[in-house]
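Residue strings, one per chain:
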Amino acid sequence: MSEQIEVLLSEEEVDARIRQLGEQISKDYAGKDIYLICILKGASFFACELAKRITVPVFLDFMSVSSYGKSSESSGVVKIVKDLDEPLQGKHVLLVEDIVDTGRTLDYLMKLMKDRGAEDVKLCALLDKPDRRVVDVRADYTGFPIPDEFVVGYGLDYAQKYRNLPYIGIVKV
Ligand code: 5GP
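Anyway, here's the lowdown on the structure attached to this text. From a predicted model like this one, the values you see are computed outputs, not experimental measurements. (Residues numbered from 1 in each chain as written. Predicted model: local features only at pLDDT ≥ 70, side-chain atom pairs only at ≥ 80, totals over all residues. Heavy atoms only, no water.)

**What about the overall build of the protein chain?**
Argument step 1. Looking only at helices and strands, the protein chain features 3 helices and 9 strands.
Argument step 2. Along the protein chain, helices and strands appear, N-terminal first, in the series β-α-β-α-β-β-β-α-β-β-β-β.
Argument step 3. Taken against the 2.2 N^0.38 rule, which gives 16 Å for 173 residues, the C-alpha radius of gyration of the protein chain at 16 Å falls within 12% of a compact globule.
Argument step 4. Overall, the protein chain is about 50 × 35 × 25 Å in size when its C-alpha atoms are taken along their principal axes.
Argument step 5. When burial is assessed residue by residue, the protein chain has 45% of its 173 residues classed as buried.
Argument step 6. Intrachain contacts of the protein chain at a sequence separation of at least 6 include 66% that bridge at least 24 residues. (Helix = DSSP H or I, 4+ residues; strand = E, 2+ residues; numbered from the N terminus. Rg over C-alpha atoms; globule rule 2.2 N^0.38 Å. Buried < 20%, exposed > 50% of the residue type's maximum accessible area, 1.4 Å probe, protein only. Contact = heavy atoms within 4.5 Å.)

Given below as structure tokens:
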């Protein structure tokens with residue numbers, strides 16, 4: 001069965017916003033190196049585009065996590081499927097995520113990065129669904145607040161499909 005995708009944020013809108021985020025982050029981190037952690041797979045497109053727009057030195061690392069439990073909503077009990085390559089001691093960590101929904105995954109991950117000795121940990125999310133928040137997680141940098149709709153594209157999937165869409169769309173089943 002094929003789904004209808006309604007455009008929520010066009011490719012031009014997303015690209016322009018990423019450019020702005022890159023400028024802001026470059027200013028805020030002036031004189032520092034950024035240890036940019038991309039949460040796979042969803043954040044991969046965003047993380048690459050964002051890194052290209054940052055003018056201070058960026059070191060890239062990747063982590064893949066899955067949430068325990070059967071429900072479609074994240075449980076907050078996070079299993080690390082692929083861990084980071086490097087220790088975080090003394091690093092300026094910028095966690096890059098596709099979307100903050102309940103906030104459970106990011107709450108866990110931000111605490112984990114701090115426990116591992118990062119100098120500071122900031123969060124940059126392309127999308128934010130504030131209406132869905134269960135745990136008080138606030139991104140330091142947010143691309144777009146969006147309504148409570150299931151979105152795809154720019155790395156986000158629906159049953160592993162649509163990650164390669166260059167825009168953000170709403171799935172109409
Ligand atoms: P949280 O722990 O904040 O509830 O979970 C965030 C994760 O849920 C995201 O990284 C993403 O994988 C998934 N997610 C939440 N909302 C959406 C959505 O609208 N579309 C897609 N494709 N994934 C979502």
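Picking up after the structure, the text goes on.
**Side note on the packing of aromatic side chains**
Argument step 1. The tally for this structure, following the rule as stated, stands at 1 aromatic pair.
Argument step 2. Relative to Tyr158, the ring of Phe150 has its centre 6.1 Å away and its plane inclined at 70°; by these criteria the two rings are edge-to-face.
Argument step 3. The class of Phe150 is partly exposed, set by a relative accessible area of 44%.
Argument step 4. A cation over an aromatic ring shows up here: Lys91 above the ring of Tyr35, its NZ or CZ 4.5 Å from the ring centre.
Argument step 5. Between the NZ or CZ atom of Lys122 and the centre of the ring of Tyr29, over which it lies, the distance is 5.4 Å. (Phe/Tyr/Trp six-rings, centres within 6.5 Å; stacked < 30°, edge-to-face > 60°. Lys NZ or Arg CZ within 6 Å of the ring centre and 35° of its normal.)

**Here we look at the sheet that holds strand S1 (residues 4-9)**
Argument step 1. Pairing in this open sheet of 3 strands is antiparallel, and the strands run S1-S9-S8 from one edge to the other. Lying at the two open borders of the sheet, with one neighbouring strand each, are S1 and strand S8 (151-152).
Argument step 2. Alignment of S1 against strand S9 (residues 168-172), held across 5 bridges, turns out to be antiparallel. Looking across to S9, one finds that Val7 is bridged to Gly169. (Pairing = 2+ DSSP bridges.)

**Comments concerning the site of the ligand**
Argument step 1. Contacts to the ligand come from 15 residues, most closely from Ser74, Thr102, Thr105, Val151 and Asp157.
Argument step 2. With respect to the ligand, the backbone of Asp101 contributes an N or O atom lying 2.9 Å from an oxygen atom.
Argument step 3. Here Thr105 contributes a side-chain N or O atom positioned 2.5 Å from an oxygen atom of the ligand.
Argument step 4. Notes on the ligand: free accessible area 510 Å², of which the protein chains cover 84%.
Argument step 5. Grouping the constituent residues of the shell around the ligand by class yields 4 nonpolar, 4 polar and 7 charged. (Near = heavy atom within 4 Å. Polar contact = N/O pair within 3.5 Å; in protein donor to acceptor, adjacent residues only side chain to side chain. Areas by Shrake-Rupley, 256 points an atom, 1.4 Å probe, with all protein chains shown as cover. Nonpolar A, V, L, I, M, F, W, Y, C, P; charged D, E, K, R; others polar.)

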